[in-house]
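Here is what each chain is made of, one letter per residue.
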Amino acid sequence: MADFENALPPAGPAKHTPSAPKTLEIDRRDRCLLPAVLLWCFLSVDTILWSWPHGMGVTAVVFGWYVLLGAALGPAVFRSAESRVLLWSSLLLAVSFALASNPFLRLWNFLILLMLLPLHALSFAGARIPWQRPAMLWERLLLLLLGLFGRLGAAFAALLPARRRQDPGRLLAAALGTAGTLVLLGILVPVLVSADALFAAATVQFRTLIRTHFTTALWKLTAAAVMTPFVFGLLHSLRRPDPLSRGMKPLPAVDGLGFLLMLAALDGLYLLFLAVQSAGLFGGAEYLARRGISYAQWARSGFFQMVGVTVVNLGVLLAGLTFSRRTGRIFSALRALSGGLILESLVLLISAAWRMYLYICAYGLSFKRLVTFWGMGLMALLFGVAARKIRRPDRGFFRLAAPIALAGWLILNCIPVDCLVARDQVDRYLAGKSASIDVEYLLYDLSYDTLAQLERLDGGQVCERWPGDTVPLQMLIAERRAQARDVCSDWRSWNLSACLAAGR
């Protein structure tokens, strides 16, 4: 025992040495990317937060993002078919901001870009789940959070010389101190100005110069500087991917009896509904009159609700096929009921399309009615993909459904919907098929593409701009064209639709 104690070092047992902190790898490309990221962040802030409505500025931001992504990753951006599809889809959606001015499409295009751009970028971050599985959304959300918040020190490390990049603490302290100094000056200088008239008079020229030329730019630069570490950290994680330590386990299959009961109930409900529908269709106006319902009231209502229930049907059907055990008689019966539900849903879509056609014949086109027709066609295609999954349950639904939905949305953006709606409404009014025309809807709820059609009407026609204020139509059109000129005066909001309406 004594010999064992004498064998120990004089200072006692060896202590555990903590592992060295993990250093961030920074190379020349990273240092070149950092100022480009700051410039892109400034462009994004200047375009999206300080400009309205969004126009060609959003196009520039998206194209600039792909320039950054290409500079960071190189040819890998174009290597896979998935990457090329997402790349071209994002660029086409971005171009739509420079071409069209419909507020509804702009809003949804912006939201879709907010989803597509991270999904595309994170396909290079070591994602393990293929894109056609819905579970990839959760995995890529985690990768996005890790990229944005897990590499915040990369931007500060890129600012340090190569020999000192392992210690970015002093630079971070300097950056935070500078930001704190600016905040304190912004708070204390106005307080001192209000406290002493002599100090206010002595600094009036300097304060006027700052307020006139630098205040807005300083706020934009501050916001861009705050964004830069997050965006640069994301690009750093894409260049050096660190996959999630544990893969996501697939959800266990469950007994399909519950889904079987739901599908059986839906099939029975829609059989009853379609039987009642057929009675109204074949019974005609006399049968409906005995029920106290006019034929016009019956034919011109319910299409939005029927499109909505088909979405519910598709969700229940896919949940049953995905999460049920794919063996035994229960799954065979579930597949049969799913096929019946698809047939009933297609009949519902046809009924809704017929009702919408009757409604349009009576009241003309509108943006919502045309988009509803587009949605019916898209749902019919998705039910076709679901029928394929019934035949081959092992095939993924989203492998075909996602490209079809994305292509359908791009096609909708290529259709001049507002011009078609305005032409139809004006034609109906001039032909005497409509007793009135909703000028305010065509002028203000739709894009500038409606102005050329509205000029076919009598310019002296009196319209109500707001309650109690009536003005000639030509004055409203002139005001709308003046708004288009204001939009085109700033490159960030410029778009071709407004440019044509402004006469430029």
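Note: the structure precedes this text.
A few points on the structure. Quantities reported herein were computed from a predicted structural model and do not represent experimental measurements.

### As for the side chain of Asn109
Its location among the elements puts Asn109 in helix α5 (residues 103-122). Look past the residues within four positions of Asn109 in its chain and what remains in contact with it is Leu93, Ser96, Phe97, Trp409 and Asn413.

### Regarding the packing of aromatic side chains
Evaluated as defined, the whole model comprises 8 aromatic pairs. Taking the centre distance of 5.2 Å and the plane angle of 70° together, the rings of Phe104 and Phe367 count as edge-to-face. Highlighted residues: Phe104 in helix α5 and Phe367 in helix α15 (residues 367-391), separated in sequence by 263 residues. Of the residues examined, Phe104 reaches a relative accessible area of 34% and is grouped as partly exposed. On the numbers, 5.3 Å between centres and 85° between planes, the contact of Phe397 with Phe398 is edge-to-face. According to the relative accessible area criterion, Phe397 is buried, its value standing at 7%. By relative accessible area, Phe398 is classed as partly exposed at 37%. Clustering of aromatic rings is evident, with ring pairs tying together Phe104, Trp108 and Phe367.

### Points about empty space enclosed by the protein
As enumerated under the stated definition, the model contains 1 cavity of 30 Å³ or more in all. Considered as a void within the structure, the largest cavity measures approximately 40 Å³ in volume. Lining the largest cavity are Ser96, Phe97, Ala100, Ser101, Asn102, Leu105, Arg106, Asn109 and Asn413. Per-element tally for the lining of the largest cavity: the top contributor is α5, with 3 residues. A breakdown of the residues in the lining of the largest cavity according to their chemical character gives 3 nonpolar, 5 polar and 1 charged.

Criteria and cut-off values
Sequence order sets the numbering: in each chain, residues are counted from 1 along the sequence as written. Confidence filtering applies because this is a predicted model: local features only for residues at pLDDT of at least 70, side-chain atom pairs given and counted only at 80 or more, and all residues used for totals across whole chains, interfaces and linings. As a rule here, side-chain values come from all non-hydrogen atoms in the structure, and water together with hydrogens is ignored. Labels follow the DSSP assignment, with helices taken as runs of H or I lasting at least four residues and strands as runs of E lasting at least two, numbered in each case from the N terminus. Between two residues, a contact is recorded if the distance between any of their heavy atoms is within 4.5 Å. Planes of paired rings set the category: under 30 degrees apart is stacked, over 60 is edge-to-face and the rest tilted, where pairs are Phe, Tyr or Trp rings (Trp by its six-membered ring) whose centres lie within 6.5 Å. Relative accessibility under 20% of the residue-type maximum defines a buried residue, over 50% an exposed one, and the middle range a partly exposed one, all with a 1.4 Å probe and only protein chains included. Here the term cavity refers to a set of points on a 1 Å grid, laid over the protein atoms alone, in which a 1.4 Å probe fits but cannot get out; the term pocket refers to an open set having protein on both sides within 12 Å along at least five of seven lines, with lining residues being those that place an atom within 4 Å of a point. Grid points are joined across faces, edges and corners, and a volume is the space filled by probe spheres set on the points. Amino acids outside the nonpolar list (Ala, Val, Leu, Ile, Met, Phe, Trp, Tyr, Cys, Pro) and the charged list (Asp, Glu, Lys, Arg) are all regarded as polar, and Gly is one of them.

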